Each structure stands twice: as structure tokens, then as C-alpha cells.
Amino acid sequence: MTQPKRLALFTALFLMPSILNAGYTADGEPRVYKGAHGETVIIQALKPRSANQVVVWVKNSRSVLDDHPVAHTVRQSSGKVDFVTQKDGKDWVTITGRDNWYNSMGYELYVPNQADSIKITYAKKDSAKVASAEVLDFFLFRKPASTGGNAGEDKTFAAHTADMNRACGSTITTKIDWASFGEHGNSLRVGDACGQVVQAMEELCGSQVAKDAI
């Protein structure tokens, strides 16, 4: 396997939670934070609180993190808090919180391939509009019970693949192995879940080296 393809795999693993894991339970309601240019971060605490686990859902950051909720560990010490996940086998700090001189915590969002952090502040009204069930359903790729059949998921995955091929100048074909999902297939957004792999490859194709390899 070439280096760019290994990187694509690592990126996909960084973004994709275990979609069949039913062990996640929300602890309270989510909190929403906003940036100056439309960036949105939704943070949902998970039970048990003592485990210091949260889901971080980033939107409108114009980065690979957008609309890919990821589990994070919260690391706290005097005057500081870091929201940490794994990227390419190493710790990645997505959000930092630091006390400032007037004793109020200031938060900053860090996204891959952007040199500057993004200041985010708590948005009380926006927080009231988001439910914990919505965050967990999106995180676990669950879809409404009324949505049945696989044709729509195949179409979604095909669209992700087409976007990747356009970006990479490639002609890769993909297909969902529905049998491997068993009874879970009809209750999950499989097209988006599998699509994260080709989206990772699409992201890499910003590099000519990756284009040549793929």
C-alpha cells in the first residue's frame, strides 16, 4: 500500500466512530459554541461523567472535521481544559480552554491544515435548539426508523465516490457490502459512514503526490 493510501486510511479511522457501538449514552444536553465566521461546535457529554468522554461535532469550519462527530477525552488541570482525540496514532487537541485575566474560560478550535486557531464562544440560544438524541444519532450514523431501503444509501455513497474521483482524477469504483452489516443495515446511514473513507482520499488529493499515487 502506498504512503498516500495509508494516510487516507488513517484519516478515515480518525473520523469514523464504531457505527455499531450501542454503548454511548448522553449525559445532559449538548452545548453549542460559535465562531466569528459561522463556525459551530456542538459538545455532548457522555455517561459516565467520570470517564471524561464527549462527542465533538464541528460544522462550517471549512475543514475535514466538518459534519464528522468524533469522540474526545476531556483533560482538565488548573485553569485549562483540552478536548483530545487521536489522529494518525497521535493525540490531536481539537479544542482548548484557558482561563484569562478576568477568570472566564476562553475556548479555541484547532482544525487540520489551518495555522490559526478559531475563537469560539458559548451560544445559549443555539444550545437550546439541539437535542442530545440528534447528536448521538448523527454520531452513530443512525437514521429515522421511517427511512427504509438501501437505494438511497447506495446513491449517497456513489455521490461521495464521484466527488473523490473528480478531485483525484481517478476512476475508482466502490460498492457497499450490505451483507456485512447484517440486521443493522436498514437502521444506519451506511452511505455516509462508508463515504468517509473516500472523503479522506478526496481530502488527500489536494496534493499532486497523492493524486499520482491514487
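These remarks concern the structure in this document. Note that the structure is predicted; figures quoted are calculated from it, not measured.

Looking at the packing of aromatic side chains
Given two aromatic rings, their pairing is described by the distance between the two centres and the angle made by the two planes.
In step 1: Taken as a whole and assessed by the stated rule, the structure comprises five aromatic pairs.
In step 2: Between Tyr-24 and Phe-139, the ring centres sit 4.9 Å apart and the planes meet at 80°, which makes this aromatic pair edge-to-face. Taken as a pair, Tyr-24 in the loop between helix H1 (3-15) and strand E1 (31-35) and Phe-139 in helix H3 (residues 132-139) lie far apart in primary sequence, 115 residues in all.
In step 3: With a relative accessible area of 25%, Tyr-24 lands in the partly exposed category.
In step 4: Judged by relative accessible area, which is 1%, Phe-139 ranks as buried.
In step 5: Put simply, the rings of Tyr-33, Tyr-107 and Tyr-122 pair up and form one aromatic cluster.
In step 6: Sitting over the face of the ring of Tyr-122, Arg-31 holds its NZ or CZ atom 4.0 Å from the ring centroid.
In step 7: Geometry around Trp-57 places Lys-59 over its ring, the cationic atom sitting 4.3 Å from the centre.

Some points on unusual backbone geometry
In step 1: For the peptide bond that leads from Lys-47 to Pro-48, omega is -10°, which places it in the cis range.
In step 2: Along the polypeptide, Pro-48 turns up in the loop between strand E2 (40-45) and strand E3 (53-59).
In step 3: At Asn-113, a residue that is not glycine, the phi angle is positive and equals roughly 65°.
In step 4: Mapped onto the elements of the fold, Asn-113 is located in the loop between strand E7 (105-109) and strand E8 (118-122).

Observations regarding the pairing of strand E6 (residues 90-99)
In step 1: Here strand E5 (residues 80-87) pairs with E6 via eight bridges, running antiparallel. Bridge pairing links Phe-83 to Ile-95 in E6.
In step 2: Between the antiparallel neighbours E5 and E6 lie two residues, among them Asp-88 with a positive phi of about 55°.

Examining the pairing of E8
In step 1: Taken together, the three bridges between E1 and E8 define a ladder with antiparallel strand orientation. Bridge pairing in E8 places Tyr-33 opposite Tyr-122.
In step 2: Of the strand pairs in this sheet, E7 and E8 are connected by three bridges, and their pairing is antiparallel. If you follow Glu-108 over to E8, its bridge partner there is Lys-119.

What counts, and at which threshold
Residues numbered from 1 in each chain as written. Predicted model: local features only at pLDDT ≥ 70, side-chain atom pairs only at ≥ 80, totals over all residues. Heavy atoms only, no water. Phe/Tyr/Trp six-rings, centres within 6.5 Å; stacked < 30°, edge-to-face > 60°. Helix = DSSP H or I, 4+ residues; strand = E, 2+ residues; numbered from the N terminus. Buried < 20%, exposed > 50% of the residue type's maximum accessible area, 1.4 Å probe, protein only. Lys NZ or Arg CZ within 6 Å of the ring centre and 35° of its normal. Pairing = 2+ DSSP bridges.

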